[in-house]
Amino acid sequence: MHVEEESPYRLRIERREGMRVPGIVFASRALIPEPAQDKSLTQVAAVATLPGIVGASYAMPDVHWGYGFPIGGVAATDVAEGGVVSPGGVGFDISCGVRLLAADVDRARIAPVIDTLMDRLDESTPRGLGRGAVWHVRDPEKELRAVLRDGAGYLVDRGYGVQRDLDRCEDRGGVADAAPEHVSSRAIERGRDQLGSLGSGNHFLEVQAVDEIYDESAAAAFGLRMGQVCVMIHCGSRGLGHQVCTDHVRTMEKAMRRYGIQVPDRQLACVPVESPEGEAYMGAMAAAANYGRANRHLLGNAVRHAFESVVGAGVDLVYDISHNLAKLENHEVDGSRRSLCVHRKGATRALPPGHAELPDDLDPVGQPVLIPGTMGTSSYVLAGVPGGDAFFSTCHGAGRAQSRHQAARGTSGRLLRDQLQDRGIRVRGASWRGLAEETPTAYKDVSEVVAASEGAGLCRTVARLVPLGVVKG
DNA sequence: ATGTTC
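Please read these numbers as outputs of a predicted model, since none were measured by experiment.

A.B. asks: Hey, could you run me through the environment of Gly97 in this one?
C.D. replies: Along the chain, Gly97 falls in strand E7 (residues 97-106). Taking C-alpha positions, Gly97 is 19 Å from Arg304, a pair spaced 207 residues apart along the chain. Gly97 has contacts with Ile233, His234, Cys235, Arg296, Ile321, Ser322 and His323, leaving out every residue within four places of it along the chain.

Have a look at this one:
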């Protein structure tokens, strides 16, 4: 494939057979995965063939191979022009995302109790495949439907969490047009006993400290100061979101022929946003997104209780943002305002200062963007900036460079835990195998990904966080 | 990512 370097951190894949728009990859050549084992640039080109796509098929610096769309992909379709929605452009883990909490305490003050704190978080964070959850209620099915409709707001009404948890959450804690009736009974059954659980894979809960501040005024507006203790939670919508994706991909595979849509890869199954199948998916996806926010909300609330009892410190939400979602947004395209379906898969929305959807206190600085690193490495807090041409989007994390199998072959979970603990990072794992698969050497360098994102004009860097202890899914 | 197989 011919990839031209337009400028540093901006590679271009020119239009050819079937592509409606070019491909734009915001990366240095060094950040592009090896094509022999990773077909992500082919996927960028394939996404460019989707009906109604506008601008370009974009990829972020952490791009790597995914289901249909690349992970790190951004694609927007024009709804009024027959633009499609594709579950592959959202991913199986609908509304997977990151929640960052800031404790009212500095790292020096928790040093004497950090092991106790990690033990408490270890106990209070259900994780691993299909095991338990924080949430216990009398009528789970009825309450689950309320969560699917209203998201975290329903939980605050019921006495879990506080108003700031909603003010500082994307969409104020819940997407408005969720349609629980398009979530199958099987999906609901899978989600019933998993609300308030981490899951597995790259999901984690980490106690961190602010180690570097690059932008004082933005950090202050976000509620962050040097040396402060934070908690980062990375998880998604568990089995419920997975089942929603599976159900609607199946429906679309059959329906798309009726709309005369042909795609180069079966995993790019899609239908017009404005079709019964498209609207059903959008509604079910929104419901799964509400489940995802409620999931992180409950885990964050458990963290708050752990800090209260072990440290005697309060914990405030900095922000909660998804990196696997499609949203209907208005953007200017070729000089006119259009309603677009913006798919972000392994890519984070990054609203600039002054954007109407920001809460008042974030209006002058832009939206916080939360970038989890890998185990033992830094994480970052970024902010949205004006301009950029990927519909206000940026990277979402380090991005895998090796398969899970490859990763596990190169190390062992026990060895990895010992290496991390030797560096003063407490590890509370779920499985040795899972730990080995998440070895930092299986990922790109998150600092390079962040530098490329800023260099490409997609965001600016606000703060760096370093890990003190990790509860691993 | 995922009751890692419909």
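There is more to say, and it comes next.
A.B. asks: Help me out: how do you make sense of the protein's contact with DNA strand B in this one?
C.D. replies: In the vicinity of DNA strand B lie 16 residues, with Leu129, Arg190, Ser200, Gly201 and Asn202 positioned nearest. Take the atoms of DNA strand B that sit within 4 Å of the protein: sugar and phosphate atoms are 55% of them. Side-chain polar atom of Gln194 to a phosphate oxygen of DNA strand B: 2.9 Å apart, as the coordinates give it. One of the side-chain nitrogen or oxygen atoms of Arg250 is found 3.5 Å away from a sugar or linking oxygen of DNA strand B. Mapped onto the surface near DNA strand B, the elements with two or more residues apiece are helix H7 (185-192) and helix H9 (238-255). Its residues assigned to classes, the surface near DNA strand B shows 2 nonpolar, 8 polar and 6 charged.

A.B. asks: Help me out: how do you make sense of the pattern of salt bridges in this one?
C.D. replies: Side chains bearing opposite charge may pair, as long as their charged atoms lie close to each other. In total, this model carries 37 salt bridges according to the counting rule given. We note a salt bridge from Arg428 to Asp119, for which the minimum N-O separation is 3.0 Å. Linking Arg428 in strand E18 (residues 426-428) with Asp119 in helix H3 (residues 114-124), this pair joins segments that are 309 residues apart in sequence. Of the residues examined, Arg428 reaches a relative accessible area of 13% and is grouped as buried. The salt bridge partner of Glu437 is Arg404, with a shortest N-O separation of 3.2 Å. One end of the pair, Glu437, is in helix H13 (residues 432-437); the other, Arg404, is in helix H11 (residues 404-409), and 33 residues separate them in sequence.

A.B. asks: Got a minute to help me understand the side chain of Arg127 in this structure?
C.D. replies: Within the secondary structure, Arg127 sits in the loop between H3 and helix H4 (140-150). Separated by 2.8 Å, the side chain of Arg127 and the backbone oxygen of Lys472 make a polar contact. Apart from residues lying up to four places away in sequence, Arg127 is in contact with Asp122, Leu198, Gly199, Arg428, Gly429, Ala430, Val471, Lys472 and Gly473.

A.B. asks: Help me understand the UniProt feature "active site" (unreviewed entry) in chain A in this model?
C.D. replies: UniProt annotation of "active site" (unreviewed entry) refers to His396 when read in the numbering used here. If you trace the backbone, His396 turns up in the loop between strand E17 (393-394) and H11. On the basis of relative accessible area, His396 is assigned to the buried category, the value being 12%. Once you skip the residues sitting within four places of it in the chain, His396 turns out to touch Asp62, Ile71, His323, Gly346, Ala347, Thr348, Leu370, Ile371 and Pro372. In terms of polar contacts, His396 uses its side chain to reach the side chain of Asp62, at 2.5 Å.

Definitions and limits used
- Residues numbered from 1 in each chain as written.
- Chains lettered and ligands numbered in written order.
- Predicted model: local features only at pLDDT ≥ 70, side-chain atom pairs only at ≥ 80, totals over all residues.
- Heavy atoms only, no water.
- Helix = DSSP H or I, 4+ residues; strand = E, 2+ residues; numbered from the N terminus.
- Contact = heavy atoms within 4.5 Å.
- Near = heavy atom within 4 Å.
- Polar contact = N/O pair within 3.5 Å; in protein donor to acceptor, adjacent residues only side chain to side chain.
- Nonpolar A, V, L, I, M, F, W, Y, C, P; charged D, E, K, R; others polar.
- Salt bridge = Lys/Arg side-chain N within 4 Å of Asp/Glu carboxyl O.
- Buried < 20%, exposed > 50% of the residue type's maximum accessible area, 1.4 Å probe, protein only.
- UniProt positions renumbered as here; feature names shortened; annotations may be inferred.

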